[in-house]
Structure formats: C-alpha cells, structure tokens
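So the chains spell out like this:
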Amino acid sequence: MDYKNAGVDIEAGYQSVELMKKHVAATMRPEVLTGIGGFSGAFSMEAFKTMEKPTLVSGTDGVGTKLKLAFLMDKHDTVGIDCVAMCVNDIACAGGEPLFFLDYIACGKNVPERIATIVSGVAEGCRQSGAALIGGETAEMPGFYPVDEYDLAGFAVGVVDEKDLITGAGIKPGDVLVGMASSGVHSNGFSLVRKVFTMKEEYMNTHFESLGRTLGEALIEPTKIYVKALRTVKEAGVNIKGCSHITGGGFYENIPRMLPEGVRAFVKKDSYPIPTIFKMLAEDGRIEEQVMYNTFNMGIGMVMAVDPAQADLCVEAVKKAGETPYLLGEVRSGEKGVEVC
C-alpha cells in the first residue's frame, strides 16, 4: 500500500504545478520576491513607503455552487476569474489596489490538465485586476470530494493610504448613486438558480433568442472585475464617498453596508435595463421581486455614492474604463437602509 493506492497521486501534483507555471508567470509584478513552488510567497512593500499611512486591505471568498455548472458543462477556464473577482472587488470598493492573490483548490482527483485550466482562469482574473498570483494550494482529497468535482477559493491582499480608504462615513442626503453594470448573475445566488433551471446538459446547451446564446453560456459568464474602473474614477478626481460590491444578499443587504446611520438609499428600478437572465429567473421560478433584489445583483455589480456635482464626471470615468454606468438614484435622510422603488 502506498499514497497513490490510497487515492493521492503526488506525481499528478507535480505535473499540475508544471502546467500552471506559464499562467502564474503572466501575473508577476516587480514586488514579487519568490517563485512558484516555495512554502510561502514574498511580496516587497518598498514601493509603498511613500504613502503617509500605508494600510493593508484583504478579502477572501470562493465561487460557491456556480461550480456545479462548471462540472455539468465541463468548462473550467472561467471560474478562476470568478474567484479572483469576488476577492479583489471587495478590496477595490474599500479604495485598495490589489497586490497579490493566493488560490486554494480541493479536489477528489488531481487531473493535471483540469487543474491547470482552472489556474489559467485565476491568472486571467489576476491580470485583469493587476494582482500577482504568488502562491496557492491544490489538495487532493479522495473520499471527501467526488473524483470529478472540486472546490475553489482564494485570498487577496491590497494596499491603500489610510486617508484614501472608502468608508461611507461622508455620505449625506443628496448624494447620487452611480452603478456599474454586471456581466450577469456573477457568482452569487446559484443555489436558487439551480432550483429554478433544469440542471441538465441538454437544457444548458439550449439556445435562447432573448439571451443571444445558450442558457449555460449566460449563467457561467464570469464575474466583472471593477478594479480598473474604480481606479479610473479616482484618477478622474471623483471622491467616491461609499462603494458597495453587490454580491450575495443583492441590493438589500449590500447597499446599506456602505451607509452611515441617518441616511437611506433610494434606487429607481427604471433607471437601468434589467438583463434578460434575471427576468427568466423571476418568471420561471415564480420568484417575488423583493426576493430577486435580495438575492441577485439584478444587473448592477458595483454601486458608488458621489457628490451630485461629480456625478457626470463619475459616469464619464466609468465609460472611459470600458464599463457601463447608470445613475441609479440618490441618498436621502432616513433610517439606514435601501428602498427599490
């Protein structure tokens, strides 16, 4: 008896590392001091000494049950983008610049080509956000996961000068809410998605004219990474008073997280077009409107609160970054919370 007979293939692990090296190399930054394969990743902070009060910000998250769709479609090259996005978007909406990322893949059987494909997506997410992929872990866990399934999670660290932290403390009545379009369902609410739609390969491969593609393609579309857009808004001179990444819990849970006490956000439902995929979910699942806005991003992946005098400047900066902005509503006096009206 040996480890391989017990279900863990060490050689496959070595092969996975070799196959992913080119993807990891494409994410490197000058501050990275170590290569892949070490026990830890080292990242120099020398370049940030000019900040008055350099402050580290971090985020950790996973892809969740969206992975079930990846298994069904046998498509593993984009879920890594989701994993990175869920972490770096949180860092960016605090005003931070993502610096580096580490991933964790746990699987029932290490298939080197599949692991490398997953990591290629992680690397693409890192490239989009400017973060270096400086380490990770692939854990082969036979008997714990089915041989054809895996879990994927990650951890990111960023930096911001303390004075530039986006905390929401300065939000006041009259401020404008500017949203950025999502690319679809992103990586939240898939436990409900999988209850609404028939999770069969044939159905996922069905082309819908209203979507302009198959249902599976629409659902597996990776999460938008908003790092560049938020940086562009800041560089345009806009003071982002508050910022909310619309993830699990939708509008009702996430928008209030950026608000101080005594103000209330009002979002106009007709201020932007709701993507077809959400209309399909609501209709096919007979889901009430309040539940939709309390579960999904409904087409808006990031919301910013800005002074009304800077709203147009903010909109133009978002466009310059290649994203789609919407003037969603405003902030008023009232009990802390959000109204979708």
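Look a little higher up for the structure.
Below is a short write-up of the structure. (Residues numbered from 1 in each chain as written. Predicted model: local features only at pLDDT ≥ 70, side-chain atom pairs only at ≥ 80, totals over all residues. Heavy atoms only, no water.)

Another point: the packing of aromatic side chains. Scanning the entire structure with this criterion turns up seven aromatic pairs. Relative to Phe100, the ring of Phe43 lies with its centre 5.2 Å away and its plane at 45°, an arrangement referred to as tilted. Highlighted residues: Phe43 in the loop between helix H1 (10-25) and strand E1 (54-62) and Phe100 in strand E2 (residues 97-107), separated in sequence by 57 residues. Accessibility expressed as a relative area gives 13% for Phe43, which makes it buried. According to the relative accessible area criterion, Phe100 is buried, its value standing at 15%. Residues Phe251 and Tyr293 carry aromatic rings whose centres are separated by 5.3 Å and whose planes lie at 70° to one another, so their mutual orientation is edge-to-face. Taken as a pair, Phe251 in helix H9 (residues 250-254) and Tyr293 in helix H11 (residues 289-293) lie far apart in primary sequence, 42 residues in all. With respect to burial, Phe251 and Tyr293 carry one shared label: buried. (Phe/Tyr/Trp six-rings, centres within 6.5 Å; stacked < 30°, edge-to-face > 60°. Helix = DSSP H or I, 4+ residues; strand = E, 2+ residues; numbered from the N terminus. Buried < 20%, exposed > 50% of the residue type's maximum accessible area, 1.4 Å probe, protein only.)

Of the residues making up helix H12 (residues 311-320), those classed as buried are Ala311, Cys314, Val315, Ala317 and Val318. On an axial view of H12, the arc spanned by its buried residues comes to 165°, and they lie on one face. Among the exposed residues of H12, those oriented more than 90 degrees off its buried face are Asp312 and Lys320. For H12, the elements touching its buried residues are strand E5 (176-181), helix H8 (227-235), strand E10 (300-306) and strand E11 (325-333). Two residues or fewer past H12, Gly322 is found with a positive phi of approximately 90°. (Arc of directions from axis to C-beta. Contact = heavy atoms within 4.5 Å.)

Attention now moves to the nonpolar core. Counting residues in hydrophobic clusters, the biggest one holds 94 residues, and the most contacted among them are Phe197, Leu219, Phe251 and Met304. Of the residues forming this core, the biggest block, nine residues, is contributed by helix H3 (residues 79-92). Sequence-distant contacts of Leu219, defined by excluding residues within four places in its chain, comprise Lys66, Leu69, Val185, Phe190, Val193, Phe197, Met204 and Ile277. Val32, Phe100, Ile134 and Val157 belong to the second largest nonpolar core, which has nine residues in total. (Core = buried A, V, L, I, M, F, W, Y, C linked by side-chain atoms within 4.5 Å.)

What follows concerns the side chain of Thr78. Structurally, the position occupied by Thr78 is in the loop between helix H2 (66-73) and H3. The class of Thr78 is buried, set by a relative accessible area of 10%. Excluding residues that lie within four positions of it along the chain, Thr78 makes contacts with Ile220 and Pro222.

Before going further, it helps to spend a moment on helix H10 (residues 276-285). Since one α-helical turn is 3.6 residues long, residues separated by three or four positions face the same way. If you check which residues of H10 are buried, you get Ile277, Phe278, Met280 and Leu281. The buried residues of H10 occupy one face: seen down the axis, they fall within an arc of 155°. Projecting away from the buried face of H10 at angles above 90 degrees are the exposed residues Lys279 and Glu283. Those residues of H10 that are buried are in contact with helix H5 (190-196), strand E6 (207-208), helix H7 (215-220) and H11.

Next up on the list: the packing of H1 against helix H4 (residues 112-129). Here H1 crosses H4 at 30°, and the two axes come no closer than 8 Å. Of the possible angle classes, the one that applies to H1 and H4 is roughly parallel. Here H1 runs over H4; the crossing is right-handed. Here H1 contributes Ala12, Gln15, Ser16, Leu19, Met20, His23 and Val24 to the contact with H4, which in turn contributes Pro112, Glu113, Ile115, Ala116, Val119, Ser120, Ala123 and Arg127. Tallied by class, the residues present in the contact of H1 with H4 amount to nine nonpolar, four polar and two charged. (Axes fitted to C-alpha atoms, helices over the stretch in contact; angles between N-to-C directions. Parallel < 35°, antiparallel > 145°, perpendicular 65-115°, else oblique. Left-handed = near helix turned anticlockwise from the far one by under 90°. Nonpolar A, V, L, I, M, F, W, Y, C, P; charged D, E, K, R; others polar.)

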